[in-house]
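Chain residues, written in single-letter form:
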Amino acid sequence: MGQLKIALAGPGYISRRFLEGARFLEGAEVCAIVSRSPERVTEYANEFGISTVLTYEEFYNDSSLAAVYVCTPTLSHYEVVRNCLEHNKHVLCEKPMCLTLKEEEELFALAEEKHLLLMEAYKALFTPAYAKIRELLQQNAVGPVHYASGCFARPGDLARLPEKFGRDYVYDIGCYPVSFLMSLFPYGVKTVSHAETVDPKTGNTLSSSITVETDRDLILNARCGYLYTDEWVRIYGEQGTISCRQFWRAREVILETSQGTETFRFDYESEFTFETQHFADLINAGKTGSDISSKELSLTTCRILSVSD
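Here's what I pulled together on the structure shown here.

**A closer look at unusual backbone geometry**
Between Lys-95 and the following residue, Pro-96, the backbone shows a cis peptide bond with an omega angle of -10°. Tracing the backbone shows Pro-96 in the loop between β5 (90–93) and α5 (101–114). One non-glycine residue, Asp-217, lies in positive phi territory at about 60°. Inspection of the secondary structure puts Asp-217 in the loop between β9 (205–214) and β10 (219–225).

Here you go:
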């Protein structure tokens, strides 16, 4: 079997980080960039040694390109992903893939109908740090867990944010901690509640707290927003805690129990490599679903985030 050829749709900040990680892929390569304005991204493509720049129509009709990483603006994901699936392309889509449950269900149904792999790019679930957290939980390292929390923030100059924005922006970043926590604790959801802080001058949502009560006597709390805050995942057990800073690209996990503190450290070039390698490996193996970034996780995350809409 030859190299799996992957295209990238939507050159921008995230795509640059993706391409840096894709340098380390085995059995796959990113060999084309897809853009509505190819002439504007040729220099960008050359920077990464990519000689092929295509329009969307050219990409759809190129049978040599079997897969695509979609990192276009969030509001365009549904349309772009749907078109890619309709043209028989496997899809790895940046999160959030959709802002409504109905659209997300439609895309997964189409992927299943076409026997294609559709995977949401929850890169945090593929890092060595995430694997260590799962291992510690499986070893019952902190005893029974009844509470866990996670926070993702994009602090900055609020004056530079769009004049009008609502929950969609917090939704866009809320998927980080929600998906991470729900993947670690894939239990049934009993209740979901949202609380928000709002800028009194503009009415814009600045932060959000999402609390999930599961059917296993466990409370999960995910926080996100534009205010400065901590960016940790913390898991509280009866016999200790597991902590991970900047969980989406973590280099260490901290275990604290009555026996003391132990820190597990990891060294790697790019957190993007792991999820893309998983995506490529699944395609090369003829599989159309991931047991890590699964359809069920994507739908559960979308359902939780959209509860108060």
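**Concerning the packing of aromatic side chains**
Going through the model one piece at a time under the given rule, you end up with twelve aromatic pairs. Aromatic pair Tyr-147 and Tyr-236: ring centres 5.5 Å apart, planes at 40°, arrangement tilted. Highlighted residues: Tyr-147 in strand β7 (residues 145–153) and Tyr-236 in strand β11 (residues 232–237), separated in sequence by 89 residues. Judged by relative accessible area, which is 33%, Tyr-147 ranks as partly exposed. In this structure Tyr-236 comes out as partly exposed when scored by relative accessible area, which is 34%.

**Considering the pairing of β11**
Relative to β11, β7 runs antiparallel, the two being bridged by five bridges. Bridge pairing links Ser-149 to Arg-234 in β11. With six bridges connecting them, β11 and strand β12 (residues 240–245) associate as antiparallel partners. Of the residues in β12, the one forming a bridge with Ile-235 is Ile-242.

Definitions and limits used
Residues numbered from 1 in each chain as written. Predicted model: local features only at pLDDT ≥ 70, side-chain atom pairs only at ≥ 80, totals over all residues. Heavy atoms only, no water. Helix = DSSP H or I, 4+ residues; strand = E, 2+ residues; numbered from the N terminus. Phe/Tyr/Trp six-rings, centres within 6.5 Å; stacked < 30°, edge-to-face > 60°. Buried < 20%, exposed > 50% of the residue type's maximum accessible area, 1.4 Å probe, protein only. Pairing = 2+ DSSP bridges.

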